[in-house]
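# Descriptive analysis of the structure
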Protein chains: 2
Amino acid sequence: MSAELIAVGTEILLGQITNTNGAFLANQLAELGIDSLNQQVVGDNQARLDAAITLAEQRAEIIILIGGLGPTPDDLSKQTLAAHLGVALVDDAPALAKLQAYAAQQQQPMTPNNLLQAKYPAGATVLMNKVGLAVGAVSVSQGKQYILLPGPPKEFEPMVLDQLVPYLLKTLGHDATMVSRVLRFFGIGESKVTTVLADLIAGQTNPTLATYIKPYEVTLRLTAKAADEAAAKALLDPMEAEIQSRLGQYFYGYGDDNSLPQAVVKALAEKQKQVTAAESLTAGAFQATLADVPGVSEWFKGGFVTYSNHTKAAFLGLDEATINRDGAVSEATAKAMATGALAKAEADLAVSFTGVAGPGPNDGQPAGTVWIGLAQRGQEAQAQLFHFPGSRAAVRGRAVKAGLFWLLKTLQAE
Amino acid sequence: MSAELIAVGTEILLGQITNTNGAFLANQLAELGIDSLNQQVVGDNQARLDAAITLAEQRAEIIILIGGLGPTPDDLSKQTLAAHLGVALVDDAPALAKLQAYAAQQQQPMTPNNLLQAKYPAGATVLMNKVGLAVGAVSVSQGKQYILLPGPPKEFEPMVLDQLVPYLLKTLGHDATMVSRVLRFFGIGESKVTTVLADLIAGQTNPTLATYIKPYEVTLRLTAKAADEAAAKALLDPMEAEIQSRLGQYFYGYGDDNSLPQAVVKALAEKQKQVTAAESLTAGAFQATLADVPGVSEWFKGGFVTYSNHTKAAFLGLDEATINRDGAVSEATAKAMATGALAKAEADLAVSFTGVAGPGPNDGQPAGTVWIGLAQRGQEAQAQLFHFPGSRAAVRGRAVKAGLFWLLKTLQAE
């Protein structure tokens, strides 16, 4: 089963807006196991839109028009599709009532263009628009499905998630339930993940396996189709166990709506631990990332940005001569920074960062050289050396996540 | 003259990345007066890519392939186009030398795939890649132009601006020069900008005017066509003067390759001033953003993240009872934080942030309530109250930029 997306809008062709809907829907289709081999963008022009539909019919079973459902004269998708299929446009009563109520509230008269928003190609299944006024629709003709969706992402995304996906699941004959489980990994690249899991990926049927690259992370989505949730879980569990046996050391949590800072704050709360930081290389990015998580203030009270040797000494109580002797980017300094921050902030754990962000080398050490320190109350501080590839931003971004990952593993090991 | 853009990449079809290049290039083409009536997206598949080229040839004179020039086996654009045109791939000597130098530095062996990055279709004009390794190219065949561009936006955008646009201008027989000037604004929304400039936007011919939304910023691009640079400048100058007379208070700098932290670091260097910060709300994000700029270490030595009242007192020398009395989110606390940080870090200027990031209210103040403080050596500290809309991330992001903007204006006023 294959779908072709047609984004409709001269403003996309002119570069006035970016087509974000394409990626959003393509992702949903991929999860449904629907191939998408071509996409098109076409302007608000009836002849060219009709040609785009004709072309898509030759390549796909599901033809999806995105945009061109609004009230302005250049919104032509609905009319063009109806003409293409040789059907009339008819009113959707609930949408028409909503439109009339809206017009009354706005004290605006209804134009014919406005009224078009409540119409759909005769015989189609209406897709309700919870956010806006223009209804979507699915028409079936000669074995092909033709789908109309609104262009504004605020209307488009909920219609896809709440209405189109369930509709497709049903019509695709999945009376099955589809259950996904997302595993999140840090410290391993996508190519290594696919190598380690090559046999599972090659042999996948049910559950299916897909890897996704996030910034400096990899996620793995297992999706099982089964009669019910319990049966799906029974398919997912052994697959996950096999994956964990190979990649467990890099695993840090489940779910699309998860992240390293969220996992860390959850672990801090579970262990009732306070954390602080002393950041040179990352200059506050570790603490700012941690504070992205609502509720963090219970477990993080503050910390230090110590960019120079002098502030490392002044803020953290280190000896500046010792830093100068050991080098700012060194194991000894990373440990001393963590130890100093722990004491000054009266915390249970402290993470420190010192390194060379680049672009060039510094102090004889190449860009990407990073020492991360970790101190725990009542224990000797530790430090780890990393060599991160990439730009200045990448080196700092990777360092922040490496610090979060180490902190998480330390909390989990307690 | 009409162009067709073909974005190449299975990751776009799968929705793993959003096709932002399409909008960027379409906009440039529109400014050149080149029509763009269709766009395509196709995966990393030689047969389908070839079919896409054939289709585009029937509709456009300029066929532009974006992406698929990299070193992995699924990068096929160059090979597919060369085969389509019936020409060989040949080495670009400077690109090959750059590639070999890079491989030597990375101590990585060169694979045949790697070497492909330095090749172009025989007879083509090479488009140099200043940022990455894969060259672009323009081939001319039977009256049509075939253009290869890299996919990563960091490589794609400069190649379009610095090489493709001048090339197209020349081959289009515009003996005109096109000169753009980008003005950057903070503290005003795009809709307000377009309202204030409505008459200029409606009446635009030469120069043209276009607004772009960046995160919490607006940029305005003026583009003039003229016989030479001086004539273009003579068209741009009065238009800019008119715009500055209306929006000058929000203006902070010129150019695509500019940003508030860059402008701040430049101003710190010009005035030879040291800056520090005390961050509650933003938890290090202001300092981390400043430290995105290479060379910042000369003007920023360190600062504080003081998330709790206790750390505000302990790190900055404030009196905890006074904070508790005034409230953490208050004018008095913002001023005291800036004054305390200034003294502790021995800096010339200090910026402080305290506020309610949300999602919910805090201490009886709604999410988005933000006090920013600014202290200068030898002067009384000041504070400004803001009410920022949006999510937790938006409130903190806007606060960081507002702090940078205030700091910049303060430095410029010296």
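The name an unreviewed UniProt entry assigns to chain A is Putative competence-damage inducible protein, from the organism Lacticaseibacillus suilingensis. According to the UniProt record, the Sequence similarities (unreviewed entry) comment for chain A is "Belongs to the CinA family."

Take the overall build of chain A next. Check the secondary structure of chain A and you find 16 helices and 17 strands. Taking 2.2 N^0.38 as the reference for a compact globule, 414 residues should give roughly 22 Å; the C-alpha atoms of chain A span a radius of gyration of 28 Å, well beyond that estimate. Dimensions of chain A along its principal axes, counting C-alpha atoms only, are 85 × 50 × 40 Å. In chain A, which comprises 414 residues, the proportion classed as buried is 54%. Counting only carbon and sulfur atoms, one obtains 53% of the accessible surface of chain A, whose full area is about 17,000 Å². Side-chain charges in chain A split into 31 positive and 39 negative, and the spacing between the mean points of these groups amounts to 3 Å.

Residues and elements named next belong to chain B. Pairing within the open sheet is antiparallel, and its four strands lie in the order β10-β11-β9-β12. With partners counted over all chains shown, the strands left at the sheet margins are β10 (208-214) and β12 (251-254), one partner each. Adjacent strand axes in the sheet meet at a mean angle of 25° when their direction is disregarded. Sheet analysis places β10 next to strand β11 (residues 217-226), joined by seven bridges and oriented antiparallel. Across the sheet, the residue bridging to Leu-209 is Leu-222, located in β11.

This part covers the packing of helix α2 (residues 20-31) of chain A against helix α7 (residues 153-171) of chain A. Residues and elements named next belong to chain A. Viewed as axis vectors pointing N to C, α2 and α7 meet at an angle of 20°, and their least axial separation amounts to 11 Å. Between α2 and α7, the angle falls in the class roughly parallel. The interaxial crossing formed by α2 with α7 has right-handed handedness. Where α2 approaches α7, its residues Thr-20, Asn-21, Phe-24, Leu-25, Gln-28 and Leu-29 are matched on the opposing element by Pro-153, Phe-156, Glu-157, Val-160, Leu-161, Leu-164, Val-165 and Leu-168. A breakdown of the residues in the contact of α2 with α7 according to their chemical character gives 10 nonpolar, three polar and one charged.

Below, the discussion takes up the sheet that holds strand β11 (residues 217-226) of chain A. Hydrogen bonds between backbone groups are what pair the strands of a sheet, and the pairing can be parallel or antiparallel. All names here are of chain A. In spatial order, the strands read β10-β11-β9-β12; together these four strands make up an open sheet with antiparallel pairing. On the outer flanks of this sheet lie β10 (208-214) and β12 (251-254), each paired with one strand and no other. Geometrically, the sheet is characterised by an average inter-axis angle of 25° between neighbouring strands, direction not taken into account. Sheet analysis places strand β9 (residues 177-186) next to β12, joined by three bridges and oriented antiparallel. The partner of Arg-184 across the bridge, within β12, is Gly-253.

A few words now on the side chain of A:Arg221. All names here are of chain A. Looking at the secondary structure, you find Arg-221 in strand β11. With relative accessibility at 12%, the residue Arg-221 sits in the buried group. Residue contacts for Arg-221: discarding those within four places in its chain leaves Glu-31, Ser-180, Arg-181, Val-182, Thr-208, Leu-209, Ala-210, Tyr-212 and Asp-256.

Attention shifts here to helix α4 (residues 77-85) of chain B. Listing the buried residues of α4(B) in full gives B:Ser77, B:Lys78, B:Thr80, B:Leu81, B:Ala82 and B:Leu85. With its phi angle positive at about 70°, B:Gly86 sits one or two positions after the end of α4(B).

Applying the stated criterion across every chain, the model contains 32 salt bridges over all chains. A salt bridge links A:Glu331 to A:Lys335; the shortest N-O distance between them is 3.2 Å. Of this pair, A:Glu331 and A:Lys335 both sit in helix α15 (residues 331-345), four residues apart, roughly one helical turn. As a salt-bridge pair, B:Glu217 and B:Lys401 come within 2.6 Å of each other at their nearest N and O atoms. Of this pair, B:Glu217 sits in strand β11 while B:Lys401 is found in helix α16 (residues 392-413), placing the two residues 184 residues apart along the sequence. For the pair formed by B:Glu217 and B:Lys401, the shared burial category is buried.

Next up on the list: the domain arrangement of chain A. Residues and elements named next belong to chain A. According to the domain assignment, chain A contains domain 1 (2-174), domain 2 (178-254) and domain 3 (260-413). Distance between the C-alpha centres of domain 1 and domain 2: 34 Å. Domain 1 puts five residues into the contact, and the matching count from domain 2 is four residues. Approximately 400 Å² of surface area, both sides summed, lies buried where domain 1 meets domain 2, with 55% of it carried by carbon and sulfur atoms. On the surface where domain 1 and domain 2 come into contact, there are zero salt bridges. Our count for the contact surface shared by domain 1 and domain 2 stands at zero residue pairs in polar contact (both at pLDDT 80 or more).

Take α7(A) next. Turn by turn, an α-helix covers 3.6 residues, leaving residues three or four places apart pointing in a common direction. Residues and elements named next belong to chain A. By the largest-angle criterion, Val-160 marks the main kink of α7, which is about 45°. Listed in full, the buried residues belonging to α7 are Glu-155, Phe-156, Met-159, Val-160, Gln-163, Leu-164, Val-165, Tyr-167 and Leu-168. Buried positions along α7 lie against α2, β3 (62-66), β6 (125-127), β7 (136-141) and β8 (144-149).

What follows deals with the packing of helix α3 (residues 46-59) of chain A against helix α4 (residues 77-85) of chain A. All names here are of chain A. Two elements in contact, α3 and α4, have axes separated by 10 Å at closest approach and are oriented at 55°. Here α4 runs oblique to α3, going by the angle between their axes. In this structure, α3 crosses over α4, and the sense of that crossing is right-handed. Counting all contacts with α3, which are made through Gln-46, Leu-49, Asp-50, Ile-53, Thr-54 and Glu-57, the residues of α4 involved are Ser-77, Gln-79, Thr-80, Leu-81, Ala-83 and His-84. Each residue belonging to the contact of α3 with α4 can be placed in one class, and the counts come to four nonpolar, six polar and two charged.

Here is what the cut-offs are and how they apply
- Residues numbered from 1 in each chain as written.
- Chains lettered and ligands numbered in written order.
- Predicted model: local features only at pLDDT ≥ 70, side-chain atom pairs only at ≥ 80, totals over all residues.
- Heavy atoms only, no water.
- UniProt positions renumbered as here; feature names shortened; annotations may be inferred.
- Helix = DSSP H or I, 4+ residues; strand = E, 2+ residues; numbered from the N terminus.
- Rg over C-alpha atoms; globule rule 2.2 N^0.38 Å.
- Buried < 20%, exposed > 50% of the residue type's maximum accessible area, 1.4 Å probe, protein only.
- Areas by Shrake-Rupley, 256 points an atom, 1.4 Å probe, with all protein chains shown as cover.
- Lys, Arg positive; Asp, Glu negative; His and termini not counted.
- Charge placed at Lys NZ, Arg CZ, Asp CG, Glu CD.
- Pairing = 2+ DSSP bridges.
- Axes fitted to C-alpha atoms, helices over the stretch in contact; angles between N-to-C directions.
- Parallel < 35°, antiparallel > 145°, perpendicular 65-115°, else oblique.
- Left-handed = near helix turned anticlockwise from the far one by under 90°.
- Contact = heavy atoms within 4.5 Å.
- Nonpolar A, V, L, I, M, F, W, Y, C, P; charged D, E, K, R; others polar.
- Salt bridge = Lys/Arg side-chain N within 4 Å of Asp/Glu carboxyl O.
- Domains from an automatic or database assignment.
- Buried area = accessible area lost by both parts, 1.4 Å probe.
- Polar contact = N/O pair within 3.5 Å; in protein donor to acceptor, adjacent residues only side chain to side chain.
- Bend = angle between axes of the 7 residues up to and from the residue.

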